[in-house]
Structure formats: structure tokens, C-alpha cells
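Here is what each chain is made of, one letter per residue.
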Amino acid sequence: MGDSLASFEVCPNCKQDYQNNVAYELAKAQVNFVEREFAGDQHAFLYTNALTCRLVVLDVKNENDRCEGEEVISKMLSTFEAMKHTAQHRSHLLHPDATKAFEGHANANIATFYHKIGSDDSLQKA
């Protein structure tokens, strides 16, 4: 993630990650900011990173957060699919395995989300 968005995750004064409700609200604000200011396929890495940050702070015990998590996952997966098919995306890669590593990290967070839910259906998705 670019340094310009680090302030959504790390306190600029003490250099520690935000915790609890602050992290929750700032992750939501980060997604909103990226959707508003960095729309477009050329910002797909930034967008999926913001979505991943949001996904990891959602509380699966909360019905609204579970529903939001499903929406976030859907956006992540569709963005990854679009990234795989755009020549512009491929030309921006510094290393050929960058997309696989980034997608793998996101998929691990998706699996963790479903694992935390713990239902048979969610465990199959994980």
C-alpha cells in the first residue's frame, strides 16, 4: 500500500497499528476513500488492499458485518478476475509472481473470515 494510505492503518505519532473500533472505522473510511478517489482498473491493487484491510476487522458474530464481509469478498474476487484479464495490469507488475502473492494473501484473509464464522457452509467456502 502506498505511504499516503498508511495513516488509515498506523498512527503517525506512535507508529502503532490502530486497534478495536478505531481500526474498524478507519478501515471503512479507507475503502470509501479509495472507491471515491482511486476508481478505475489501474488502482485495482490499492482497492483490493483496502478491501482486505476492511475484511480483517469485521466481526463475524455481527450479522451486518457478516453481510458486509460477503460483499467485500465478492468485490475482491471480481477485482482479481478483472486484474487477470487486463493488459494494463500485467504491464504494471514489477515481478511476474506479484499478482499471485497478493491474491494469495487476500485469499488467506478470505479463508480466515469464513473459518471464523464456523458454519458448515462457511467452512466449505474457506
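All of these numbers come straight from a predicted model, not from anything done at the bench.

Draft legend 1. Helix α3 (residues 63-84), seen in detail. Along its 22 residues, α3 runs 32 Å from first to last C-alpha, staying within 8% of the 32 Å computed at 1.5 Å per residue. For α3, the full list of buried residues reads D65, E68, G69, V72, I73, M76, T79, F80 and M83. Looking straight down α3, one finds that the buried residues subtend no more than 145° of arc, so they occupy a single side. Sitting at the head of α3, N62 places a side-chain oxygen 2.8 Å from the backbone nitrogen of N64.

Draft legend 2. Region of the structure containing the environment of Y47. By the element assignment, Y47 lies in helix α2 (residues 44-57). Take Y47: its relative accessible area is 16%, and that puts it in the buried class. Put simply, Y47 and E35 are twelve residues apart on the chain and 7.2 Å apart in space, counted from C-alpha to C-alpha. Ignoring any residue separated from it by four or fewer positions in sequence, one finds Y47 in contact with V34, E35, K75 and T79. A polar contact of 2.9 Å, which involves the side chain of Y47, links it to the side chain of E35.

Draft legend 3. View of the side chain of E103. Along the polypeptide, E103 turns up in helix α5 (residues 98-117). Look at E103 and you get buried, because its relative accessible area is 13%. In contact with E103, not counting residues within four places along its chain, are F80 and K84.

Draft legend 4. Expanded view of the nonpolar core. Ranked by size, the top nonpolar core spans 23 residues in total, and within it V34, L51, L55, I73, M76, I110 and F113 carry the most contacts. With six residues, the top contributor of residues to this core is α2. Contact partners of L55, with chain neighbours within four places excluded, come to G69, V72, I73, M76, N109, I110 and F113.

Draft legend 5. Geometry of the confidence of the model for the protein. Confidence in the prediction of the protein, expressed as mean pLDDT, is 84, and 83% of residues score 70 or more. Least confident of the elements in the protein is helix α4 (residues 87-92), whose mean pLDDT is 55; most confident is helix α1 (residues 20-37), at 94.

Draft legend 6. Structural view of the packing of α2 against α3. Put simply, α2 and α3 touch, their axes get as near as 10 Å, and they point 155° apart. Classified by the interaxial angle, the pair formed by α2 and α3 is roughly antiparallel. Where α2 crosses over α3, the two elements pack in a sense that is left-handed. Mapping the contact onto sequence places A44, F45, Y47, T48, L51, T52, R54 and L55 in α2 and E68, G69, V72, I73, K75, M76, T79, F80 and M83 in α3. Of the residues belonging to the contact of α2 with α3, the class tally is ten nonpolar, four polar and three charged.

Draft legend 7. Geometry of the packing of aromatic side chains. Scanning the model with the defined rule gives three aromatic pairs in all. Taking 5.8 Å as the distance between ring centres and 70° as the angle between the ring planes, the aromatic pair formed by F33 and F38 counts as edge-to-face. Considering the side-chain rings of F113 and Y114, the 5.7 Å spacing of their centres and the 70° angle between planes classify their relative orientation as edge-to-face. The exposure class assigned to F113 is buried, which follows from its relative accessible area of 3%. Among the residues examined, Y114 registers a relative accessible area of 6% and is labelled buried. A connected cluster of aromatic rings, assembled from ring pairs, spans F8, F33 and F38.

Calculation notes
Residues numbered from 1 in each chain as written. Predicted model: local features only at pLDDT ≥ 70, side-chain atom pairs only at ≥ 80, totals over all residues. Heavy atoms only, no water. Helix = DSSP H or I, 4+ residues; strand = E, 2+ residues; numbered from the N terminus. Expected span 1.5 Å × (residues − 1). Buried < 20%, exposed > 50% of the residue type's maximum accessible area, 1.4 Å probe, protein only. Arc of directions from axis to C-beta. Polar contact = N/O pair within 3.5 Å; in protein donor to acceptor, adjacent residues only side chain to side chain. Contact = heavy atoms within 4.5 Å. Core = buried A, V, L, I, M, F, W, Y, C linked by side-chain atoms within 4.5 Å. pLDDT = per-residue confidence, 0-100. Axes fitted to C-alpha atoms, helices over the stretch in contact; angles between N-to-C directions. Parallel < 35°, antiparallel > 145°, perpendicular 65-115°, else oblique. Left-handed = near helix turned anticlockwise from the far one by under 90°. Nonpolar A, V, L, I, M, F, W, Y, C, P; charged D, E, K, R; others polar. Phe/Tyr/Trp six-rings, centres within 6.5 Å; stacked < 30°, edge-to-face > 60°.

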